[in-house]
Amino acid sequence: MTASSSVDVAAGEPRTDPKPVVAVNNLRVHFQVKAGVVEAVDGVNFELLEGETLGLVGETGCGKSVTARSFLGLVPSPPALPPQGTIDYRHRNGGGVVDLLTLDSEAMGDIRGNHIAMIFQDPGKALNPALTVRDQLGEVFLIHRSADVLEGAGFGADDTGLGASLIRRAARLKSGIIERLLLALPPLRNRRNRLRASADRLIMEALADTQIPNPANILDRYPHELSGGMKQRVMIAQALACNPDVLIADEPTTALDVTVQARIIELISQLQRRHNTSVLYISHDLSLVRRVCDRIAVMYAGRIVEIGPADQLFARPKHPYTRGLLAAIPSLASRAGELEAIEGTVPELIDPEPGCRFADRCRHSTEMCLSAEPNLVDVDVGHAVSCFAYAPITGSDQTPPTVADPAPAAASPSPAPARATDDRTAS
Amino acid sequence: MTSVVGAADALDGSTLYDSAARVRVRRTMELARSILSNPTTMAGLILVLALLAMALLAPIITEPNTPDPAQMPRDWGAIAVPPGSPDHLLGTTNTGGDVFYGVVWGSRTSLRLSILVVSITVTVGVIVGSVAGFLGGRVDEILMRIVDVFLSIPELIFALAIAAVLGPAFRNIILALAVVFWVKYARIMRGQVITVKRNDYVDAARVIGDTRLRIFAKDVLPNAITPVVVQATMDMGNIVLVGATLSFIGLAEAGLAEWGVLVAEGQAGISSGRWWASTFPGLMVFLWALGFNLVGDGMRDVLDPRTEKSR
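By convention here, each chain's residues receive numbers from 1 onward along its written sequence. For naming, the first written chain is A and the first written ligand is 1, with later ones following in the order written. pLDDT decides what is reported in this predicted model: residues at 70 or higher carry local features, side-chain atom pairs at 80 or more are listed and counted, and totals for whole chains, interfaces and linings draw on all residues regardless.

Chemist: Describe in detail the interface of chain B and chain A, supporting the description with residues and values.
Modeler: Remark: residues whose backbone-derived C-beta atoms lie within 7 Å of one another are considered to be in contact. Contact residues are listed per partner, giving 25 residues for chain B and 35 residues for chain A. Here a strand is any run of E in DSSP of at least two residues, a helix any run of H or I of at least four, and the numbering for each starts at the N terminus. Listed by contribution, the elements that provide at least two residues to the side of chain B that touches chain A are helix H1 (2–10), helix H2 (13–36), helix H9 (200–207) and helix H10 (212–224) of chain B.

Take a look at the structure:
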């Protein structure tokens, strides 16, 4: 299954188009809790193309983070059940395709850091409070770029002898306690210090890349001595240290104030352009996503309900949920009081009922929506939506919902038609 | 960016590294200063240092008894001498034991007891708690049920039972206390590890490809160990208290220079006015426990700001 789907992904694209770096196929991540099985991610499909920014938006608890964390095997298990589906990652430089869900821990260790990196939501919690910036970043370079560190310190690969091999081990963070003691003694101390200085230079370059004004000043600071924006920059420097192909940004600016937000976003996209990194941008802030992303995937209750180019999705949203989200964005044009909220809340994902998961909150839903789950169907080039209004079940005698096409503001205010909600609660 | 690299070039390696070392020293000093800024902590520290000095300098303060300095010297010519006599500063017991010798050399015995018990219990507790908390799942379940079994028996009675079964010897008191006290550390450590490993920086370390062992050593352990350090400091005092209790009821060798033994030896004389043989060693136990508890309290205030009392 893995092989066939990945071949399709690799072969089907014309040369000029950006190739997908990651293809998520029918990803299901379920959690076993006492009350039942939470279907947090239930059949998600999308591709992340080379160099693009894909926004993953949706309400809290819709499965955005779980989807992204599955890339790196960061979903805690238990309570998570083994994930189903595939996440095919294609090595950029002609390497093969691997399914991230089936990698052993060693192979996953290589993917993490070298190929896929992640920026976390809260920089205050994502830096180890017991380590200085130097220690925090230094180890990334020593683990992943020890060759650069050695070269920067002027150690050649052909150096021989005990000292050189000790230094080489130190450059890969492999030194044991006795080796560290030996390195601290005068004959080797000088070489060790050169190694450290070389690592420091790399750290400072990485920090300077993130526009930190005077990197040397913060090397010896602990996270609590840095501002939120600074911490986030250190995080970004850490994530980008190894030029990853894929960067997962899990609400990277949510914990920051607005002025800092703008700079961090600009920074991520600059670095992205430089290294041609693909970014998976997770957010619930639609106006921000619109600014940053090439394509947007809207998630609802563990599934993608609509995916398409950012401009098109904003100009001509198709799914009732997307429309609701867009109508809820405050803008200067709309007067106070005109903001529309989507009624109801995200459904419980514990052993959910069949049918479209948005049906309960959708003002257009019909029996068809409650009986079967709609699939993602293309409505335009690269624009897909999962709603029966666009692709009714053929041969069904139930009426499909009708969604008026005009912009969300003009969506029909008619109350939801009498629905089978009562039947469901009765059954 | 080039300017930054240039700046780094200007500093040669050793300068840069030494600056890091200097920063570390400065931080340690700051921490020490904030611990010492609290007068009660300072008092506790002075007390502890005085007691430790007494233990270390015991052979200089008093002539060691031969052949075994841990045994009380007996002066059969001076039985139940009150304190203040030139040969016996704090008097003697009714078997001619020098109370001053017992007080001084008892601190050695207590130091040995507390260091041995604390290092054994902390090591075992931290390992068990870390494994349970870090690995979770079935391992956690099994280890914690074992801990529960130990916790279901009252500490003192459990220690008493073990020491009694093994026979009266100070060595067995150490063993008994070690068997009883490790569970506390296991529980503290497990809770801490579970809290700490939920932090994003643990995931962040996984994302950059750290091994589990490295993550534990670098991200989890340093951020989880503080309460254990505080508890261990306090237990340095508490264990001597419990140890003295056990030797008081006769679980140590008779005639050992140990505070609990000495209190037991002197208790018969209290009703007939010979108060000194029990009072001085009892006071020592009190001071020992007090000193370490004050230091432990002060450390907690500084190391764990959440529990800081309003001063």
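Chemist: Break down the domain arrangement of chain A for me, citing the residues and quoting the values.
Modeler: All names here are of chain A. Under the domain assignment, chain A is made up of domain 1 (2–126 + 222–300), domain 2 (133–217) and domain 3 (316–426). Domain 1 puts 14 residues into the contact, and the matching count from domain 3 is 14 residues. Listing elements by their share of the side of domain 1 that touches domain 3, those giving two or more residues are strand S2 (36–49), helix H13 (286–292) and strand S9 (295–300). A breakdown of the residues in the side of domain 1 that touches domain 3 according to their chemical character gives eight nonpolar, four polar and two charged. Residue ranges for the domains trace back to a domain assignment, done automatically or taken from a database. Any residue outside Ala, Val, Leu, Ile, Met, Phe, Trp, Tyr, Cys, Pro, Asp, Glu, Lys and Arg is labelled polar, Gly included; the first ten of those are nonpolar and the last four are charged.

Chemist: Hey, could you go over the confidence of the model for chain B for me, with residue numbers and the actual values?
Modeler: All names here are of chain B. Note: pLDDT gives the predictor's confidence per residue, expressed from 0 to 100. Per-residue pLDDT for chain B has a mean of 85; in total, 91% of the residues score no lower than 70. Within the model, pLDDT remains below 50 along residues 1–17, and this stretch shows 25 contacts once partners closer than five positions in the same chain are excluded. Across the interface, the model reports ipTM at 0.71; the global pTM reads 0.75.

Chemist: Describe the confidence of the model for chain A, listing the residues and the values that go with them.
Modeler: The pLDDT averaged across chain A works out to 77; a share of 84% of its residues lies at or above 70. Confidence drops under pLDDT 50 across residues 1–15 of chain A; counting only partners more than four residues distant or on other chains, this segment forms 13 contacts.

Chemist: For the sheet that holds S2(A), give the residues involved together with the corresponding values.
Modeler: Residue and element names in this part refer to chain A. The antiparallel open sheet is built from four strands, whose spatial order is S2-S1-S4-S5. Two strands close off the open sheet at either side, each with one partner strand: S2 and strand S5 (97–99). Geometrically, the sheet is characterised by an average inter-axis angle of 20° between neighbouring strands, direction not taken into account. Strands qualify as paired when DSSP identifies two bridges or more between them. For strand S1 (residues 20–33) and strand S4 (residues 84–90), the ladder comprises five bridges, and the chain directions are antiparallel. Across the sheet, Val-24 pairs through a bridge with Ile-87, a residue of S4. The sheet strands contacting helix H2 (residues 64–71) are S1, S2 and S4, and the helix crosses S1 at an angle near 115°. Interaxial angle, 0 to 180 degrees, is taken between N-to-C directions of lines fitted to C-alpha atoms, where a helix line uses only the stretch in contact.

Chemist: Just give me the short version of helix H15 (residues 320–327) of chain A, but keep the residues and values in it.
Modeler: Residue and element names in this part refer to chain A. Think of it as a crowd count around each C-beta: if 20 or more other C-beta atoms lie within 10 Å the residue is buried, if 12 or fewer it is exposed, and in between it is partly exposed, with C-beta placed from the backbone throughout. The buried fraction of H15 is high, at seven of eight residues. For H15, the complete set of buried residues consists of Pro-320, Tyr-321, Thr-322, Arg-323, Gly-324, Leu-325 and Leu-326. Where H15 is buried, its residues contact H13, S9, strand S10 (303–309) and helix H14 (310–315).

Chemist: If you had to explain the nonpolar core to someone new, which residues and values would you point to?
Modeler: Only buried residues count toward a nonpolar core: Ala, Val, Leu, Ile, Met, Phe, Trp, Tyr and Cys, linked into one set through C-beta atoms within 7 Å. In this structure, Leu280(A), Tyr281(A), Val298(A) and Leu177(B) are the most contacted members of the largest nonpolar core, which totals 189 residues. Counting residues per element, this core draws most heavily on helix H8 (residues 170–197) of chain B, which supplies 16 residues. Excluding residues that lie within four positions of it along the chain, Tyr281(A) makes contacts with Thr53(A), Leu54(A), Gly55(A), Leu56(A), Ala249(A), Val289(A), Val292(A) and Cys293(A).

Chemist: So what's going on with the packing of helix H12 (residues 259–270) of chain B against helix H13 (residues 276–303) of chain B? Which residues, and what values?
Modeler: Residue and element names in this part refer to chain B. The contact between H12 and H13 brings their axes to 7 Å, and the two run at 145°. As for how H12 packs across H13, the hand of that crossing is left-handed. Of H13, the residues touching H12 (which contributes Trp-259, Leu-262, Val-263, Glu-265, Gly-266, Gln-267, Gly-269 and Ile-270) are Ala-277, Ser-278, Pro-281, Gly-282, Met-284 and Val-285. Of the residues that constitute the contact of H12 with H13, the class distribution is eight nonpolar, five polar and one charged. Handedness of a crossing is defined here by the sense of rotation of the near helix relative to the far one, left-handed for an anticlockwise turn of less than a right angle and right-handed for a clockwise turn.

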